[in-house]
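Architecture and fold: a report
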Amino acid sequence: MTVEPRRLLLVAACALVDTDGRILLAQRPEGKSLAGLWEFPGGKVEAGETPEETLVRELEEELGIVTKIPCLAPLTFASHTYESFHLLMPLYICRRYEGIPVGREGQAIKWVRSRDLRSYPMPPADEPLIPFLQDLL
């Protein structure tokens, strides 16, 4: 019996933290897989990009904020097998950015205290990241 190899998908995620210690969550819009679930902003790492470059690009595209690579601190990562691919997702913390985040792609966003993160349904890969954020904040 041969097993089809799963595609490895590298996605970078960011726990954007405001001055009150809250974390920004974005809700996956209708029409996307896992629609309605809450996640940490970020996106697919494109060919030739580092995860940090991806986050600088994605945070500007998705939320209209500007940050720089030195403002991104790696915290932990998720490794999760979905049906058709395996997701590897480094999670970075960002406390320094310019601008006020807004959902530029139709997604709802919400600032959430770390103790309340489990009140928001998340994709399976995001859930194991919560304890790391709760310990940090």
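- Going by the annotation in an unreviewed UniProt entry, the name recorded for the protein chain is 8-oxo-dGTP diphosphatase, with Pseudorhizobium pelagicum given as the source organism.
- For the record of the protein chain, the UniProt heading Cofactor (unreviewed entry) holds the text "Mg(2+)".
- As recorded by UniProt, the Sequence similarities (unreviewed entry) comment attached to the protein chain reads in full: "Belongs to the Nudix hydrolase family."

1. Concerning the overall build of the protein chain
- When helices and strands are counted, the protein chain shows two helices and seven strands.
- Ordered by position in the sequence, the α and β elements of the protein chain form the string β-β-β-β-α-β-β-β-α.
- Radius of gyration (C-alpha) of the protein chain: 15 Å, near the 14 Å computed for a compact globule of 137 residues.
- By residue count, 41% of the 137 residues in the protein chain fall in the buried class.
- Here the contacts in the protein chain between residues at least 6 apart in sequence split such that 65% fall between residues at least 24 apart.
- Accessible surface computed for the protein chain: about 7800 Å², of which carbon and sulfur atoms make up 52%.
- One way to put it: in the protein chain the 15 positive side-chain charges average out to a point 4 Å from where the 20 negative ones average out.

2. Overview of the pattern of salt bridges
- Inspection of the entire model under this criterion finds six salt bridges.
- Taking the shortest distance from any N to any O, the salt bridge between E49 and R57 comes out at 2.6 Å.
- Relative accessible area serves as the criterion here: at 22%, R57 is assigned to the partly exposed category.
- Among the salt bridges present, the one from R57 reaches E58, with a minimum N-O distance of 3.1 Å.
- Each of E49, R57, E58 and E61 takes part in one network of salt bridges that share partners.

3. Details of the sheet that holds strand β1 (residues 7–16)
- In space, the four strands of this open sheet follow the order β4-β1-β6-β5, with mixed pairing throughout. Because the sheet does not close on itself, it has two edges, and the strands there are β4 (42–44) and β5 (72–81). Within this sheet the neighbouring strands show an average axis-to-axis angle of 20 degrees, counted without direction.
- Here three bridges tie β1 to β4, and the two strands are oriented antiparallel to one another. What sits directly across from V11, in β4, is K44.

4. Description of the pairing of β1
- Of all ten residues in β1, seven are buried, a share of seventy percent or more.
- Sheet topology places β1 next to strand β6 (residues 85–94); eight bridges connect them, and they run parallel. Among the inter-strand pairings, L10 is bridged to a residue of β6, identified as L88.

5. So, the sheet that holds strand β3 (residues 38–39)
- Here three strands make up an open sheet; going across it, the order is β3-β2-β7 and the pairing antiparallel. One side of each edge strand has no neighbouring strand; the edge strands of this open sheet are β3 and β7 (109–112).

6. Focus: the UniProt feature "domain: Nudix hydrolase" (unreviewed entry) in the protein chain
- The feature "domain: Nudix hydrolase" (unreviewed entry), as given by UniProt, occupies residues 7–137 in the numbering adopted here.
- Between the C-alpha atoms that bound residues 7–137 there is a distance of 34 Å. The span itself is 15% helix and 34% strand.

7. Quick look at helix α1 (residues 51–63)
- Between its first and last C-alpha, α1 extends 17 Å over 13 residues, near the 18 Å set by a 1.5 Å rise per residue.
- Among the residues making up α1, those that are buried are P51, T54, L55, E58, L59, E62 and L63. The arc that holds every buried residue of α1, seen down its axis, measures 125 degrees, which confines them to one face.
- Looking at the buried positions of α1, the neighbouring elements they touch are β1, β2 (23–27), β4, β5, β6 and β7.
- After α1 finishes, the residue G64 shows a positive phi value of roughly 70 degrees.

Analysis parameters
- Residues numbered from 1 in each chain as written.
- Predicted model: local features only at pLDDT ≥ 70, side-chain atom pairs only at ≥ 80, totals over all residues.
- Heavy atoms only, no water.
- UniProt positions renumbered as here; feature names shortened; annotations may be inferred.
- Helix = DSSP H or I, 4+ residues; strand = E, 2+ residues; numbered from the N terminus.
- Rg over C-alpha atoms; globule rule 2.2 N^0.38 Å.
- Buried < 20%, exposed > 50% of the residue type's maximum accessible area, 1.4 Å probe, protein only.
- Contact = heavy atoms within 4.5 Å.
- Areas by Shrake-Rupley, 256 points an atom, 1.4 Å probe, with all protein chains shown as cover.
- Lys, Arg positive; Asp, Glu negative; His and termini not counted.
- Charge placed at Lys NZ, Arg CZ, Asp CG, Glu CD.
- Salt bridge = Lys/Arg side-chain N within 4 Å of Asp/Glu carboxyl O.
- Pairing = 2+ DSSP bridges.
- Axes fitted to C-alpha atoms, helices over the stretch in contact; angles between N-to-C directions.
- Expected span 1.5 Å × (residues − 1).
- Arc of directions from axis to C-beta.

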